[in-house]
Amino acid sequence: MAPFHLIPTGLVSGEAAARAVAAGDACPLAGEQIAFTTLTQLSRAEDGTGRRQAMSLRAAKEKAASQLAALSAPRRPWAGFDLARPLIMGIINVTPDSFSDGGDNADAATAIRFGEQLLEAGADILDVGGESTRPGSEPVSPQDEIARVVPVIRTLAEKGAVISIDTRHAAVMEAAVAAGARIINDVTALTGDPDSQMVAAKAGADLVLMHMQGEPQTMQRDPHYADVTLDLLDYFAARLKALRQLGIDASKVSLDPGIGFGKNDQHNMRLMAELAAFHAFGCAITLGVSRKSFVGRFSRKEPPKQRVAGSLAAGLAGIARGVQILRVHDVAETYQAIVIWQAVSA
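Residues numbered from 1 in each chain as written. Predicted model: local features only at pLDDT ≥ 70, side-chain atom pairs only at ≥ 80, totals over all residues. Heavy atoms only, no water.

**Some details on the pairing of strand β4 (residues 50–55)**
Pairing analysis gives 6 bridges linking strand β3 (residues 34–44) to β4, with the strands arranged antiparallel. Pairing of Leu39 across the sheet is with Met55, part of β4. A loop of 5 residues connects β3 with β4, the two strands running antiparallel in sequence, and Gly48 in this loop sits at a positive phi of about 95°. (Pairing = 2+ DSSP bridges. Helix = DSSP H or I, 4+ residues; strand = E, 2+ residues; numbered from the N terminus.)

Quick look at the structure:
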C-alpha cells in the first residue's frame, strides 16, 4: 500500500482547465473537463490518524508519478456509458419504508410508471431497490426482495432502460441480472453476502461498491474513524484487490463513499471535500447525497422531500470534484442543474 495518497486541490474546469494543463500548471482530473493545480499529501501518523501537507505538482511528478498518472487518466467506459459527462442514476424504491419516499412506488405498476417518468426527465440509469437501508431499517428476506423488484426490472429493461439493482443479497443480484439488470449496486461492496462476489463475477455486470460502516440498524450510533478519507481509501484498495483476484477489472467498478452510511456530519463533509482523492483507483465515482439527512441538519430541519435544493448543491459540489454518477431522487431538477453547471463551467 502506498505510503501516502494524493488529494487533488485547486480545481478548475472548462477552458481554464485546458489552459492550465497546456501551460503545465495543472494536471487533468480523470479526463479533460476538470484539472487540479495543487495537491495535498495524505499519510497516516503513528497513532493512525491522518496527516495532511501541501505538495506541488513538481514534487508529485518526482515522488508519486504513478499516482499522478492514475488521477489524470480518462476513465474507460462503464456500463456502456462514456464518462465524459455526468450520469444521472434515478432511484426507484419498491419499498414501503424508504427514508424519503417509502410507499410511493411500493407496487410494480406504480414503480414502472415512475421509472418511465424518470427516463423522460433525463435519467441515464434506473436504480431499483426492494429493501430499505436507511438508518434503523429492518432487513428484508431475499425472496420478498425478488418479488418486489423483478417485475419492475424485467418490464423496464424490455423498454430499453439501463437498470441497476440496489441489493446486498446474492440471490437478488442473480435474479435481477437474469431479469435484465446490467449493474449491481451493493451498499456492502459485495461483502454482506458470502456468495455475492462470485455471483457478480459470473454475471459480468458492472458494479457500484459502496462503503458502509456497520449495519443499517446500528450504523449511525457513534460512527468512528481514525481518518475517514484514509480509512475509505484503504477499504476500497482492499476491495478492488479482492475483485481483481476474481477477474473483475477496475473499469467495471464505480466507487461510492457512502455519504451518511455509518458517518456523522464531520465525516460526510470531509469526504465531500476530498472526493477527488478517490480518482486514484481509476474507477468511476458514484455519489449519493439526494435528500440525505445532513441536508436538513445543516439547513432548517426540512423533511426529505423538501431537501431538493441542498441535494442539488451537494451533487454539484461532487461534480466539481470529478464525480461521474449522481444517484438521485429528483431527476428533472438534477438534469437542469447539471446542464447549467456545465454551461457556466465551459
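**Observations regarding unusual backbone geometry**
Even without being a glycine, Ala30 presents a positive backbone phi close to 55°. Residue position: Ala30 is located in the loop between β2 (27–28) and β3. Assessed through its relative accessible area of 12%, Ala30 is described here as buried. Although it is not a glycine, Ala189 sits at a positive phi angle of roughly 55°. Its place among the elements puts Ala189 in the loop between β8 (183–186) and α7 (196–203). (Buried < 20%, exposed > 50% of the residue type's maximum accessible area, 1.4 Å probe, protein only.)

**Topic: the packing of aromatic side chains**
Each aromatic ring pair is summarised here by two numbers: the centre-to-centre distance and the angle between the ring planes. Counted according to the given criterion, the structure contains 3 aromatic pairs. Judged by centre distance (5.5 Å) and plane angle (65°), the rings of Tyr235 and Phe236 are edge-to-face. Phe236 gets classed as buried once you look at its relative accessible area, which sits at 1%. Plain terms: the ring middles of Phe236 and Phe278 are 6.1 Å apart, the flat faces sit at 85° to each other, and that makes the pair edge-to-face. In this pair, Phe236 sits in helix α8 (residues 228–244) while Phe278 sits in the loop between α9 (265–273) and β11 (284–287), placing the two residues 42 residues apart along the sequence. Clustering of aromatic rings is evident, with ring pairs tying together Tyr235, Phe236 and Phe278. (Phe/Tyr/Trp six-rings, centres within 6.5 Å; stacked < 30°, edge-to-face > 60°.)

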